[in-house]
Amino acid sequence: MPTQLELVMNLMIRIFHQYSCKEGDRFKLDKGELKMLLQRELAIFLSCAKKTPQLVDTIMQDLDANKDNEVDFNEFVVMVAALTVAL
Ligand SMILES: [Ca+2]
Ligand SMILES: [Ca+2]
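Residues numbered from 1 in each chain as written. Chains lettered and ligands numbered in written order. Predicted model: local features only at pLDDT ≥ 70, side-chain atom pairs only at ≥ 80, totals over all residues. Heavy atoms only, no water.

- In the annotation of an unreviewed UniProt entry, the entry for the chain reads Protein S100, and the organism field reads Neomonachus schauinslandi.

Written as structure tokens, this is what we have:
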């Protein structure tokens, strides 16, 4: 039996791949994929994006630590951890 934390980690990987496999590199989110993930999985993003139309670009730049214009799973996890601490 997996623990609850293991289930959550598994789920995070699955959600990431659900979006990252749509276009281009299957293991990375490009800007379109990132935007879709934020819109569908993070309700708070939508209300913030109404006030700040460039929000996706800002988030992309913040997350893209290695500057390849894509968000890989490592970079995604940093965002989820930061949001979790902020809740
Ligand atoms: Ca992709
Ligand atoms: Ca990157």
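Read on, since the account is not over.
1. Remarks on the coordination of the calcium ion (ligand 1)
And then number 1: The protein atoms that coordinate the calcium ion (ligand 1) are S20 (O), E23 (O), D25 (O), K28 (O), E33 (OE) and E33 (OE), at distances of 2.3 to 2.6 Å.
And then number 2: Viewed at the metal, the six donor atoms of the calcium ion (ligand 1) are separated by angles of 51 to 164 degrees, and the geometry they form is irregular.
And then number 3: In terms of primary sequence, the donors binding the calcium ion (ligand 1) are separated according to S-x2-E-x1-D-x2-K-x4-E.
And then number 4: The class for K28 is partly exposed, based on a relative accessible area of 23%. (Donors = N, O, S within 2.8 Å, 3.2 Å for Na, K, Ca; no water. Tetrahedral: all angles 85-135°; square planar, octahedral: opposite > 155°, others 65-115°. Buried < 20%, exposed > 50% of the residue type's maximum accessible area, 1.4 Å probe, protein only.)

2. Here we look at the packing of helix α3 (residues 43–51) against helix α4 (residues 55–63)
Helix-helix packing is characterised by the crossing angle of the two axes and by the distance between the axes.
And then number 1: Close contact between α3 and α4 brings their axes to 9 Å; oriented N to C, the two are set at 120 degrees. In terms of axis orientation, α3 runs oblique to α4. Across the interface between the two elements, F45, C48 and A49 of α3 pack against L55, V56 and I59 of α4.
And then number 2: Across the contact of α3 with α4, the residue classes tally to six nonpolar, no polar and no charged. (Axes fitted to C-alpha atoms, helices over the stretch in contact; angles between N-to-C directions. Helix = DSSP H or I, 4+ residues; strand = E, 2+ residues; numbered from the N terminus. Parallel < 35°, antiparallel > 145°, perpendicular 65-115°, else oblique. Contact = heavy atoms within 4.5 Å. Nonpolar A, V, L, I, M, F, W, Y, C, P; charged D, E, K, R; others polar.)

3. Some details on the coordination of the calcium ion (ligand 2)
And then number 1: Looking at the calcium ion (ligand 2), one finds its protein donor set to be D64 (OD), N66 (OD1), D68 (OD), E70 (O), E75 (OE) and E75 (OE), positioned 2.2 to 2.5 Å from the metal centre.
And then number 2: Angles of 52 to 157 degrees at the metal separate the six donor atoms of the calcium ion (ligand 2), which places the site in the irregular class.
And then number 3: Between consecutive donor residues of the calcium ion (ligand 2), the sequence gaps follow D-x1-N-x1-D-x1-E-x4-E.
And then number 4: Classification of D68 as partly exposed rests on a relative accessible area of 27%.

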